[in-house]
Amino acid sequence: MELGKVTVSINKAINAQEVAVKEKHARTCILGTHHEKGAQTFWSVVNRLPLSGNAVLCWKFCHVFHKLLRDGHSNVLKDSVRYKNELSDMSRMWGHLNEGYGQLCSIYLKLLRTKMEFHTKNPRFPGNLQMSDRQLDEAGENDVNNFFQLTVEMFDYLECELNLFQTVFSSLDMSRSVSVTAAGQCRLAPLIQVILDCSHLYDYTVKLLFKLHSCLPADTLQGHRDRFLEQFRKLKDLFYRSSNLQYFKRLIQIPQLPENPPNFLRASALSEHISPVVVIPAEASSPDSEPITDLVEMDAASQSLFDNKFDDIFGSSFSCDPFNFNSQNGMSKDDKDRLIEQLYAEITALKEGLDNFKAESARGAVQLRGRASELEAELAEQQHLKQQAQDESEFLRAELEELKKQREDTQKAQRSLTEIERRAQANEQRYSKLKEKYSELVQNHADLLRKNAEVTKQITVARQAQGDVEREKKELEDSFQRVSEQAQRKSQEQAEVLETLKRELATSRQELQVLQGTLESSTQAGAEQSTRIASLEQERDRLSRAAEQHRDEMAALQAQLQQLQDVLSHEQESSRTELEKLQTQLRDKQESTEQALHQLLAKEQLSLLQGTTHEAKRMVQDALARMEDPAHISCTGSADCLLSQTLAASECAERLRDAHSKYLLDGAAMGSLLPCLALFAHLVSNTLLQGSATSHVAPVEPADRLLELCKQCGSEAVSYLSALQDPGTVASADCSLVTACLGQISAIGEELRPRGLDIKQEELGDLVDKEMAATAAAIETASARIEEMLSKARADDTGVKLEVNERILGSCTGLMQAIHVLVLASKDLQREIVESGRGAASPKEFYAKNSRWTEGLISASKEVGWGATVMVDAADLVVQGKGTFEELMVCSREIAASTAQLVAASKVKADKDSANLCKLQQASRGVNQATASVVASTKAGKSQVEEKDSMDFSSMTLTQIKRQEMDSQVRVLELENQLQKERQKLGELRKKHYELAGVAEGWEEDD
C-alpha cells in the first residue's frame, strides 16, 4: 500500500468537520499499520495536527486511534507508548473546558491511556480483547493473586469505558433525534468500539469472579462484588439506551444483559452465564461505502452510456467495427483522442472499483473466518462449561457428605453444650446454697456475739456469788456440826446441781454444733466453757469441803468436760477450713465473672470501633470517587473556604491523635475516639471536595498540585482508617501523613488566596536579604551557645547526667549545622530564581512583582530564626535540670516545620531541573534526619533518667501501698483535668494565632 494514500486517508479521517469518521478512511489506516507493521506513519501525521486547538479534531483522533489499538497491527501499542504522557497532558488540558467536546476529549484520552496501560501490563490480551477461556486461564498463570489483580485492572478499565459512555449520553439532547444528525453521529460513532470492549470485559470479569470465589472466602471478595454490581447496573442501562437509538440499529446488534446479576456465591450459576456477543452485520459494517451491487449496476450503466455516445459520434453502422477510421463520417482527430482518454479514464475507474470489490471480499472473508473462530471458541467454552458442571457436581456431592458429617458433629456438640449448661446450672444452684449458708453463718456469728455479752454478765454474777461463798465458808467453819446434820440435805441438793450441769452440758453441745461456721465465735464459746469450768472447779472445792463423797463424781465431770473441749477444738479447725474453702470459691467465681465481662466489653468496643472506622473509610472513599465524577467538574470553590476546611480537619486530626493515644492507654476511653473518627472523616471528605472544586478555578500548575495532594491525602486517610480497623495494626496507626498532606493543601490554599503586605513594595528586596541574614546569624549564635553549654556540661557533670547532656547537645549541634546548610542552599536557590526570572528588571522590582512569594520567604525566615533561639533556650534549661525533655522535642519539631516552610517557599518558583534545588532538597532531608536524631536522643535520655529514678515498693506494707495507690489515682485525675484544660488553651491559642496571622497578612482587607 502506498504511503501517500495512507497519509491522505489519515488526514481525511481526522478533520475538523463535525461528522462521523468514514469507515473506508479508518479501514485504510488499519491496513496501513499492517502493511508497515507499526504506527510510525500515523503518528508522524498526527503530530502535525493541532489536536490541542480543536476539540472536534481531537475527538476524531481518539476515535481513529481507538480503532487502531483494537484492529491495527500489534506493534501499534509499542509505537504509541512513548506518547502516553502527551495524551495525559492533553487530557488535563481539555478537562478545564466544561462545554462542547472538552470533557468528552478529556475522558476519551484517559480511556486510551488506561487501555494502553492494561495491554502493556497484560501482553497476552490482544487489542480487540478476543480470547478463549484457555487463553484467559493462561493470562493469570493459574495463580489466584494474578487473577485477583487482573480483576481489579479490568474493573478500572471498564469504569473508564462506562464514564465515556455516560458522558456522551449526558452531552446529547435526548429530546430530539440526535442520532440522525451529523453532529450526533460524530459523538455516537466511537461508542461502537466502547460497546465491543465492554462486552468482552464484562464476560471476562464474570468468569474471573467465579474463579476467585472458588479459591477465596466470600468476605474477602465483598468489595469485588459491590463494584461489579454497580458496573452491571450501569452497563445494562447503557446497553438498553443504546439499542433504542436509530443510529446503532443499522450498524451493530447490541446484546442485552440478564435481568439479575450472577450469583457468585453459588458456583453452579456459572453454567447459567451467557457471554454477550456483539454482532456487526456485514452489509452495515461500512455505512459510508457503496454496496457491491450498486458498483455492478454503475458499470453496466456506464457501458450503456458509452455505447450510446459511440453511436452518436461514429454512427450506428459502425457498431460492429467501431474502430474503422477509413469511413467518411466527418470525425476529427481531436474527438478521437478525447474519446480514447475518456475510455482510459473509465477503464481506470473500473479497475479501482474492481480493487474495492476485492478488498471488500477479502474483508468479508476475514470477518467470516473471525466468526468461525468465535463459534469454535464458543463450542470449546460450552465443552469447558460442561466439564466444569460435572466437576462442580462432584464437588457438591463431596460437600453434601461433608455437610452431613458437620451436622452429626453439630448434634454431638449440641448435646455436649446441653450437658455443660446443665452442669453450669447445677454449679449456680450450689453457689446459691453456699451463699445462703454463708449468710446464715454470719447471722449465727452475730447471735453468738450477743450470747457472749450475756455470759459476761453471768461471770460477774458468779464473782459476786464467790464473795458470798467466802462468807458462807466462815459460817461453815463455825457451824461444822450443823453442816454434818444437814449433809443428807446437801447431798440431795448436790444431786440437783449435777442434773443442772448435765442439762447445761447438753445445751453446750447444741451450741457447739451451731458454732461450726466461724473460728472467732468458736474461740469465744471455748472461753465461755473455760470460765464455766473454772466456776465449777471453785464450786467443787467448796462442795468437796462440804461433802467429800462427791469428789469422784466431780472428777468424772471434769474429764468429760476436757473431752468436750477437745471435740470443740476439732470442730473449730473443720469450720475454719470450710470457711476458707467457701471464700476461695467465691473469689474465683467473682474473678471469672469479671474477666468474662471485661472480655465481652472489649469485644463490643472493638466491633463498635471497626463499624465506625468502616463508615468513615467509606465516606472518604466516596469523596475520592466524587472527585473523579464528571458531574463534579462544574463545581468551583474559593481558597478561603479551602483554608477553613483544612484548618478544621487539621485540628480534628490532632484531637483524633490524642483520643487514639488515650484509647491505647485505656480501652475504656472509646467514647472520645468514636466522635473524633466520624468528625475526622467528614472534615477530610469536605476538604477533598473543596480542594477539587478550588482546583477548577486555579491556574494549571497549582491546580494540578492541589488535585494530586487531595488524592494523596484521601489515600493516606483511607490507609490510616484501615489500620485502625485492623486489631493487629490499631496500635501502630498514625495520622501524621494525613496531617502533613493537610498542611501542604493549606500551603497551596495560601498561595491561591490574595493577600497584602504591611510594608512598601520597594522595601521587599531589602527585607528578604535582612531576614535571611538575620536567620543565618541566629543559627550561628545558637550553634555557639550549644558549644558553650557542651563545654560547661563536660566540666561540671559526671556519670549518667553527662552522658545524657552530651547526647542531647550533640544532636542539637548536628541539627543547627543541617539548618545552616539548608539556609545557605535556600539563599543560593533564591539568588538563582531572581537572576533567571527578573530579566532586565532589578532584584527589588522582581521581589515587588512577586510579593506573595517574597512574603512567604520572609515569614519562613523569621520562623526558622525564632525556632533556633527557642530550641537553644530549651536545651539550656534541660542541661541545667530546670526544663523538660518534652519541651525540647516540641522545639525541635517546630524548627523542622519552619525549615520545611522555608524549603516550600524557596522551591515554588524554582526550576525542577535546577542543581540548587537538588541541594536544597538534600539539605531538607538532612534537617529531617537531624530532627529525628534530636527527638530520639531526648527520648533515650528521658528513659535513662527515669530508669535511674525507678521506685522500689518492696519495703512497703499493704496499708502503705493502698495509700499510695489512692494518691496515684488522685494525681491521675488531677493530671487528666489539667491535660483537658491545656488542650482547650492550645485550641484557643491556635485560633488567636490564626486571627493575628490573618490581620498581619491582610486577609481582612481582601474580604
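Residues numbered from 1 in each chain as written. Predicted model: local features only at pLDDT ≥ 70, side-chain atom pairs only at ≥ 80, totals over all residues. Heavy atoms only, no water.

Novice: Looking at this structure, I do not really get the overall build of the chain. What am I missing?
Specialist: Of the regular secondary structure elements, the chain holds 31 helices and 0 strands. Taken across its 1007 residues, the chain has 37% of its residues classed as buried. For the chain, long-range pairs separated by at least 24 residues make up 79% of all intrachain contacts whose partners lie at least 6 apart in sequence. Surface summary for the chain: the accessible area is close to 57,900 Å², and the carbon and sulfur share equals 52%. (Helix = DSSP H or I, 4+ residues; strand = E, 2+ residues; numbered from the N terminus. Buried < 20%, exposed > 50% of the residue type's maximum accessible area, 1.4 Å probe, protein only. Contact = heavy atoms within 4.5 Å. Areas by Shrake-Rupley, 256 points an atom, 1.4 Å probe, with all protein chains shown as cover.)

Novice: Please explain the environment of T205 as it appears in this structure.
Specialist: If you trace the backbone, T205 turns up in helix α11 (residues 191-213). Between the alpha carbons of T205 and T151 there is a distance of 6.3 Å; along the sequence they are 54 residues apart. Excluding its chain neighbours within four sequence positions, the residues that come into contact with T205 are M154, F155 and F228.

Novice: Which parts of the structure should I look at to understand the nonpolar core?
Specialist: A general feature of soluble globular proteins is that nonpolar side chains tend to end up buried together. Counting 95 residues, the largest nonpolar core has I14, F42, F61 and F125 as the members making the most contacts within it. At 14 residues, α11 tops the list of elements feeding residues into this core. Residues in contact with I14, not counting those within four places in the same chain, are F42, V46, L49, L57, K60, F61 and V64. The next biggest cluster of nonpolar side chains, apart from the first, holds 43 residues, and it includes A818, A860, I895 and L902. (Core = buried A, V, L, I, M, F, W, Y, C linked by side-chain atoms within 4.5 Å.)

Novice: What am I meant to see in the pattern of salt bridges here?
Specialist: Where charged atoms from two side chains of opposite charge approach closely, those side chains can pair. Going through the model one piece at a time under the given rule, you end up with 27 salt bridges. Taking the shortest distance from any N to any O, the salt bridge between D237 and R241 comes out at 3.9 Å. Taken together, the positions of D237 and R241, both in helix α12 (residues 222-243) and 4 residues apart, correspond to about one turn of that helix. By relative accessible area, which is 37% here, D237 ends up partly exposed. E974 is paired through a salt bridge with R971; the nearest N and O atoms lie 3.7 Å apart. (Salt bridge = Lys/Arg side-chain N within 4 Å of Asp/Glu carboxyl O.)

Novice: In this structure, what is going on with unusual backbone geometry? I would like to understand it.
Specialist: Glycine aside, a negative phi is what most residues show, and trans is what most peptide bonds show. Here the phi dihedral of L129 falls at roughly 65°; this positive angle occurs in a residue that is not glycine. Mapped onto the elements, L129 comes out in the loop between α7 (102-121) and α8 (133-140). Given the relative accessible area of 0%, L129 is considered buried. Phi at E141 is positive, roughly 55°, even though this residue is not glycine. Residue placement: E141 occurs in the loop between α8 and α9 (144-171).

Novice: Help me understand the packing of aromatic side chains, please; the structure alone is not making it clear to me.
Specialist: Given two aromatic rings, one states the distance between the centres and the angle between the planes to describe the pair. For the coordinates displayed, the defined rule picks out 20 aromatic pairs. Ring geometry for F165 against F169: centres 5.5 Å apart, planes inclined by 5°, an arrangement best described as stacked. Here F165 and its partner F169 are both found in helix α9, 4 residues apart, which amounts to about one turn of the helix. For the pair formed by F165 and F169, the shared burial category is buried. Members of the aromatic cluster, each reached through a chain of ring pairs, are F42, W43, F61, F65 and Y83. Stacked on the ring of F147, the Lys or Arg K211 has its end atom at 5.5 Å from the ring centre. Its guanidinium or amino end placed over the ring of F169, R241 lies 4.7 Å from that ring's centre, counting from NZ or CZ. (Phe/Tyr/Trp six-rings, centres within 6.5 Å; stacked < 30°, edge-to-face > 60°. Lys NZ or Arg CZ within 6 Å of the ring centre and 35° of its normal.)

Novice: How do you make sense of the packing of helix α4 (residues 55-71) against α11 when you look at a structure like this?
Specialist: What describes two packed helices is the angle between their axes and the distance between those same axes. Packing of α4 against α11 leaves a shortest axis separation of 10 Å and a crossing angle of 35°. Crossing of α4 against α11: the hand is left-handed. Residue-level inspection shows H63, H66, K67 and R70 of α4 in contact with α11, the latter providing Q193, V194, L196 and D197. Taken together, the residues of the contact of α4 with α11 sort by class into 2 nonpolar, 3 polar and 3 charged. (Axes fitted to C-alpha atoms, helices over the stretch in contact; angles between N-to-C directions. Left-handed = near helix turned anticlockwise from the far one by under 90°. Nonpolar A, V, L, I, M, F, W, Y, C, P; charged D, E, K, R; others polar.)

Novice: Just to check I follow, could you spell out helix α1 (residues 3-13) for this structure?
Specialist: Since the α-helix turns once every 3.6 residues, residues separated by three or four places project in the same direction. The set of residues buried in α1 consists of V6, S9, I10 and A13. Buried residues of α1, viewed axially, fall in a sector of 100°; they line one side. On the buried face of α1, the contacting elements are α2 (23-36), α3 (40-46) and α4. (Arc of directions from axis to C-beta.)

Novice: When you look at the packing of helix α20 (residues 639-665) against helix α21 (residues 670-695) in this model, what are you seeing that I'm missing?
Specialist: Packing of α20 against α21 brings their axes to within 8 Å, and their N-to-C directions diverge by 155°. Taken together, the axes of α20 and α21 are roughly antiparallel relative to one another. Of the two elements, α20 crosses α21, and the hand of that crossing is left-handed. Looking at the contact of α20 with α21 residue by residue, the classes come out as 18 nonpolar, 9 polar and 1 charged. (Parallel < 35°, antiparallel > 145°, perpendicular 65-115°, else oblique.)

Novice: Would you mind showing me how to read a nonpolar patch on the surface here?
Specialist: A surface patch of nonpolar side chains, about 300 Å² in accessible area, is lined by I340, Y344 and I347. Tracing the sequence through the fold places I340 in helix α15 (residues 333-478). (Patch = residues over 30% accessible without salt bridge, like charges linked within 9 Å, V, L, I, M, F, W, Y side chains within 5 Å.)

Novice: Would you mind showing me how to read the side chain of S242 here?
Specialist: As for its position among the elements, S242 is in helix α12. The class of S242 is buried, set by a relative accessible area of 0%.

Novice: Can you walk me through the confidence of the model for the chain in this structure?
Specialist: Any region with low pLDDT has predicted coordinates that should not be read closely. For the chain, per-residue confidence averages 77 on the pLDDT scale, and residues scoring 70 or more make up 79% of the total. Residue range residues 1002-1007 is modelled with pLDDT below 50. Its contacts to residues more than four positions away, or to other chains, number 14 contacts. (pLDDT = per-residue confidence, 0-100.)

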